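Below are the chains, spelled out letter by letter.
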Amino acid sequence: SLPAKLINGGIAGLIGVTCVFPIDLAKTRLQNQQNGQRMYTSMSDCLIKTIRSEGYFGMYRGAAVNLTLVTPEKAIKLAANDFFRHHLSKDGKKLTLLREMLAGCGAGTCQVIVTTPMEMLKIQLQDAGRIAAQKKLMAAQAQLSSAAGAAEPAVEARTTATQITRELLRSKGIAGLYKGLGATLLRDVPFSIVYFPLFANLNKLGQKDPNVKAPFYVSFLSGCVAGSTAAVAVNPCDVIKTRLQSLQRGVNEDTYSGILDCTKKIWQKEGPMAFLKGAYCRALVIAPLFGIAQVVYFIGIAEFLLDMLPKHRA
């Protein structure tokens, strides 16, 4: 049932995000740093420096936004894919690869309604620590180079998602929350086109009977493989999206007017390999995230809970 699908998608999203959020934070910071302003050399270096400067919970900056919005995002994505697969199938027959890809395209298009504002807010909060650390480093260098010495840099108050939302709505209206919508579509639609057909076909390999669900470990591994493959495939689009959605820049970092301008500047100033920044982090995030999502979704926790309600009432 649709309520069960929505609950399953929400539960899967909450569990998955909680497990992998620190890696996602490292991915955002690695993607946003530009040549000449490198604060981190790798995912582990980023996480170690984050813990030292911001504490353990610094790795979860922006997690509240994700945990709040991941439930509708995952619910829309999984339910929409099922909806399109159902309506694209002919008399219950097996979907062709093209129809599976079309169903994934529809799911990816639907989810950006929630994904774009969620990613916008999350990126600001995740990257705030990198920008603050860069400013602190620059101030320390200026202090050392100054004969008279410089005053201690003021400690900046942490910005919250609510403050960012209010400011964007006040200055730019609802369109402010949808900055980078085109880049989000450019990432999420191809991701879903690759992910859903690949998962469906991998999962079928573990089914002994077409009418019986595959074992949970098959769904988990299928979700991991399909998720990581799709994540790496669309990583260049994710780099562009992250750069476009960042409202604050570090010292001497480029600003971008759109997708083409961003692509051109990254290619010219940082080289083609810059489009793979954070790719392994993204694979590490997406693999367990979608593996967990598919296990929860296909086990059907919501169905069990909904079935228990009448018994409890009785």
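Residues numbered from 1 in each chain as written. Predicted model: local features only at pLDDT ≥ 70, side-chain atom pairs only at ≥ 80, totals over all residues. Heavy atoms only, no water.

Participant: Please clarify how the environment of Met 101 should be interpreted in this entry.
Facilitator: Mapped onto the elements of the fold, Met 101 is located in helix α4 (residues 97–145). A relative accessible area of 31% places Met 101 in the partly exposed class. The spacing of Met 101 and Phe 196 is 95 residues in sequence and 7.3 Å in space, taken between C-alpha atoms. What Met 101 contacts, discounting residues up to four positions off in sequence, is Ile 193 and Pro 197. (Helix = DSSP H or I, 4+ residues; strand = E, 2+ residues; numbered from the N terminus. Buried < 20%, exposed > 50% of the residue type's maximum accessible area, 1.4 Å probe, protein only. Contact = heavy atoms within 4.5 Å.)

Participant: Got a minute to help me understand helix α2 (residues 43–54) in this structure?
Facilitator: Every α-helical turn comprises 3.6 residues, leaving residues that sit three or four positions apart pointing alike. Counted at 1.5 Å a residue, the expected span for α2 with its 12 residues is 16 Å, and the 16 Å between its end C-alpha atoms agrees. In the stretch just after α2, Gly 55 is the one whose phi turns positive, near 85°. (Expected span 1.5 Å × (residues − 1).)

Participant: Just checking my understanding: could you explain the side chain of Ser 222 for this structure?
Facilitator: With respect to the secondary-structure elements, Ser 222 resides in helix α7 (residues 216–233). The buried category is assigned to Ser 222, whose relative accessible area is 5%. Only 2.7 Å separates the side chain of Ser 222 from the backbone oxygen of Val 218, close enough to count as a polar contact. Excluding residues that lie within four positions of it along the chain, Ser 222 makes contacts with Phe 199, Leu 202 and Asn 203. (Polar contact = N/O pair within 3.5 Å; in protein donor to acceptor, adjacent residues only side chain to side chain.)

Participant: What exactly am I supposed to notice about the nonpolar core here?
Facilitator: Across soluble globular proteins, nonpolar side chains show a tendency to be buried alongside one another. Counting 30 residues, the largest nonpolar core has Met 43, Phe 191, Tyr 195, Ile 286, Leu 289 and Phe 290 as its most contacted members. If you list the elements that add at least two residues to this core, you get α1 (2–32), α2, α3 (63–88), α6 (181–205), α7 and α10 (279–299). Here this core takes six residues from α1, the largest share from any one element. For Phe 290, the contacting residues outside a window of four places in its chain are Lys 74, Lys 77, Phe 191, Tyr 195 and Gly 223. (Core = buried A, V, L, I, M, F, W, Y, C linked by side-chain atoms within 4.5 Å.)

Participant: For this particular structure, what's the right way to read the environment of Gln 124?
Facilitator: On the secondary structure map, Gln 124 appears in helix α4. On a C-alpha basis, the gap between Gln 124 and Leu 247 in space is 6.8 Å, while along the polypeptide they are 123 residues apart. If sequence neighbours within four positions are ignored, Gln 124 has contacts with Ile 164, Gln 245, Ser 246, Leu 247 and Gln 248. Looking at Gln 124, its side chain comes within polar contact range of the main-chain oxygen of Gln 245, at 2.4 Å.

Participant: Could you clarify how one ought to interpret the state of the cysteines in this entry?
Facilitator: Among covalent bonds in proteins, the disulfide is the one between the sulfur atoms of two cysteines. Taken as a whole and assessed by the stated rule, the structure comprises zero disulfides. The thiol of Cys 105 is unpaired, and the distance to the nearest cysteine sulfur, on Cys 110, comes to 9.4 Å. (Disulfide = S-S within 2.5 Å.)

Participant: Could you clarify how one ought to interpret the side chain of Gln 34 in this entry?
Facilitator: Tracing the backbone through its elements, the reader meets Gln 34 in the loop between α1 and α2. Among the polar contacts listed, one links the side chain of Gln 34 to the side chain of Tyr 256, at a separation of 3.2 Å. Beyond its immediate chain neighbours, meaning those up to four positions away, Gln 34 contacts Arg 243, Glu 253, Asp 254, Tyr 256, Glu 270 and Lys 277.

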